[in-house]
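# Results of the structural survey
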Amino acid sequence: MTECPPDLITRRLLLRIPVLQDAPDIARLAGDPEISGNTLEIPYPYDHRIAHEWIAEVSEGVKAGTEMIFAVIGRNTGELYGVIGLMEITREHSRAKLGYWIGRPYWNQGYATEAVCAVLDYGFRVLGLNRIYAFYLTRNPASGRVLDKCSIRHEGVLRQHVRKEGTFQDIAVHGILKYEYLSPG
Ligand SMILES: CC(C)(COP(=O)(O)OP(=O)(O)OC[C@H]1O[C@@H](n2cnc3c(N)ncnc32)[C@H](O)[C@@H]1OP(=O)(O)O)[C@@H](O)C(=O)NCCC(=O)NCCS
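Residues numbered from 1 in each chain as written. Predicted model: local features only at pLDDT ≥ 70, side-chain atom pairs only at ≥ 80, totals over all residues. Heavy atoms only, no water.

## So, the pairing of strand β6 (residues 131–137)
Counted residue by residue, β6 has five buried out of seven residues, so it is predominantly covered. The pairing of strand β5 (residues 95–102) with β6 spans three bridges and is classified as parallel. Counterpart to Ala96 in the pairing with β6 is Ile132. As paired strands, β6 and strand β8 (residues 167–177) are joined by seven bridges and run antiparallel to one another. Among the inter-strand pairings, Leu137 is bridged to a residue of β8, identified as Ile171. (Buried < 20%, exposed > 50% of the residue type's maximum accessible area, 1.4 Å probe, protein only. Helix = DSSP H or I, 4+ residues; strand = E, 2+ residues; numbered from the N terminus. Pairing = 2+ DSSP bridges.)

Below, the structure is given as structure tokens:
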């Protein structure tokens, strides 16, 4: 059993564990086809019931230590902007997969980048992970740009790795290792 992740505070954001009261905001923002269409695990349509079930699953994953998920909240606004987390945490390999989405009204204001930086710090300094990696659809360059800005390196492309909306799609893999994070350059 693992403890709940602590709240993470950045210049503009509070990252905290999602709670059931977040379900309407999560359903509204993640229900945008621009979110499901650019992620691998978010279904469309996405309603309150799915958001509730997902939040309940998160708390199970957190207890089991296999994931650490955060709602991304504006410190000044109190609004939920999106979700970010470390998933598939494995102690054996000391690694985790990073995933995130930001609701469309909040795009291009640097929120994903700010949240990713905070979660990297948590993953390497608090959880002591050795590797954090992320996948994204190559047709979604904004996600690649966020990873680049956080110095999470492009490692390769998995060709036609997923079938999405009936079409095989390429996936890019980015990763960063603990020593690169702690001793950049
Ligand atoms: C990808 C996503 C998380 C970005 O969130 P965000 O808060 O807008 O990200 P940021 O503002 O921190 O950075 C976005 C960067 O992408 C750039 N960008 C936006 N659209 C772009 C495009 N079509 N092509 C290339 N770059 C693009 C922005 O200019 C910005 O870079 P800059 O700071 O150098 O100008 C958000 O668009 C999203 O949730 N998309 C759908 C879900 C998703 O893709 N999740 C990630 C999959 S793991």
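Moving on from the model shown.
## As for the state of the cysteines
With the rule as written, the count across this model stands at zero disulfides. Cys150 supplies the cysteine sulfur nearest to Cys117, a cysteine that is in no disulfide, at a spacing of 3.4 Å. By relative accessible area, which is 35% here, Cys117 ends up partly exposed. (Disulfide = S-S within 2.5 Å.)

## A word on the nonpolar core
Ranked by size, the top nonpolar core spans 57 residues in total, and within it Leu15, Ile84, Leu86 and Leu98 carry the most contacts. Sorting elements by how many residues they give to this core places helix α4 (residues 111–126) first, with nine residues. (Core = buried A, V, L, I, M, F, W, Y, C linked by side-chain atoms within 4.5 Å.)

## Section: the pairing of strand β3 (residues 68–74)
The buried count for β3 comes to seven of seven residues, which makes it a mostly enclosed element. Judged by which residues are buried, β3 turns out to be covered on both faces: Met68, Phe70, Val72 and Gly74 on one side and Ile69, Ala71 and Ile73 on the other are all buried. As paired elements, strand β2 (residues 13–16) and β3 share four bridges and run antiparallel to each other. What sits directly across from Arg16, in β3, is Ala71. Pairing between β3 and strand β4 (residues 80–90): six bridges, direction antiparallel. Residue pairing for β4: Met68 is matched across the bridge by Leu86.

## Here's the deal with the pattern of salt bridges
Pairing between side chains of opposite charge can happen when their charged atoms approach one another. Under the criterion given, the structure shown has eleven salt bridges. Ionic pairing is found between Glu180 and Arg153, a salt bridge with its closest N-O pair at 2.9 Å. Residue Glu180 is found in helix α6 (residues 178–182), and its partner Arg153 is found in strand β7 (residues 153–164); the two are separated by 27 residues along the sequence. Given a relative accessible area of 52%, Arg153 falls into the exposed group. (Salt bridge = Lys/Arg side-chain N within 4 Å of Asp/Glu carboxyl O.)

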